[in-house]
Amino acid sequence: MKVLASLAAVLTLAAAGSAAAGEARVRWNDLDLSTAAGADAFDARLDAAARRMCREARRPGSRIGDRAWCRSAFRSEAIRQLPGTAQVEYALSRLPLIEA
């Protein structure tokens, strides 16, 4: 089963300011990341997991909350953890279509 798990470094950043770091798992094996619909569904799953993980996020070394930074870091790390082929398919599905 293909399950994408966030690394502890991102989870620690995502949970900064809270009592304990959590773990997020985002399933992607049931999606075709080479299609816009599959990539959109994956994006929705990533966004939902990032919202949960980043509720109380703070930048490292700061007391000021920054959920947008946390969500961006979470998303980047999650995409980085996809296998190479899945990363390429996802990236290609995000390119704008050029009509001749």
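About the thresholds
- Residues numbered from 1 in each chain as written.
- Predicted model: local features only at pLDDT ≥ 70, side-chain atom pairs only at ≥ 80, totals over all residues.
- Heavy atoms only, no water.
- Helix = DSSP H or I, 4+ residues; strand = E, 2+ residues; numbered from the N terminus.
- Buried < 20%, exposed > 50% of the residue type's maximum accessible area, 1.4 Å probe, protein only.
- Contact = heavy atoms within 4.5 Å.
- Areas by Shrake-Rupley, 256 points an atom, 1.4 Å probe, with all protein chains shown as cover.
- Patch = residues over 30% accessible without salt bridge, like charges linked within 9 Å, V, L, I, M, F, W, Y side chains within 5 Å.
- Salt bridge = Lys/Arg side-chain N within 4 Å of Asp/Glu carboxyl O.
- Lys, Arg positive; Asp, Glu negative; His and termini not counted.
- Charge placed at Lys NZ, Arg CZ, Asp CG, Glu CD.
- Polar contact = N/O pair within 3.5 Å; in protein donor to acceptor, adjacent residues only side chain to side chain.
- Disulfide = S-S within 2.5 Å.

A. Local environment of the overall build of the chain. Check the secondary structure of the chain and you find four helices and two strands. Mapped in sequence order, the helices and strands of the chain form the string β-α-β-α-α-α. Here the chain holds 100 residues, and 30% of them are scored as buried. Here the analysis covers contacts within the chain between residues at least 6 apart in sequence; of these, 57% occur between residues at least 24 apart. About 6,300 Å² of surface is accessible on the chain, with carbon and sulfur atoms providing 54% of the total.

B. Representation of a positive patch on the surface in the model. On the surface, Arg51, Arg52, Arg55, Arg67 and Arg71 cluster together into a positively charged patch. For the positive patch, the elements supplying multiple residues, two or more each, are α2 (36-53) and α3 (67-80).

C. Representation of the side chain of serine 93. Among the secondary structure elements, serine 93 is positioned in helix α4 (residues 84-93). A polar contact is formed between the side chain of serine 93 and the backbone oxygen of leucine 33, at a distance of 3.1 Å. Within the local environment of serine 93, its side chain forms a polar contact with the backbone oxygen of tyrosine 90, the two atoms lying 2.7 Å apart. When neighbours within four sequence positions are excluded, serine 93 is seen to be in contact with Leu33, Ser34, Thr35, Ala36 and Ala39.

D. Structural context of the state of the cysteines. Following the criterion strictly, the structure yields one disulfide and no others. Between the sulfur of cysteine 54 and that of cysteine 70 lies a disulfide, 2.0 Å long from S to S. On the sign convention where negative means left-handed, the S-S torsion of about -70° between cysteine 54 and cysteine 70 marks this disulfide as left-handed. Separated by 16 residues along the polypeptide, cysteine 54 in the loop between α2 and α3 and cysteine 70 in helix α3 bring together distant segments of the chain. The exposure class of cysteine 54 is buried, given its relative accessible area of 0%.

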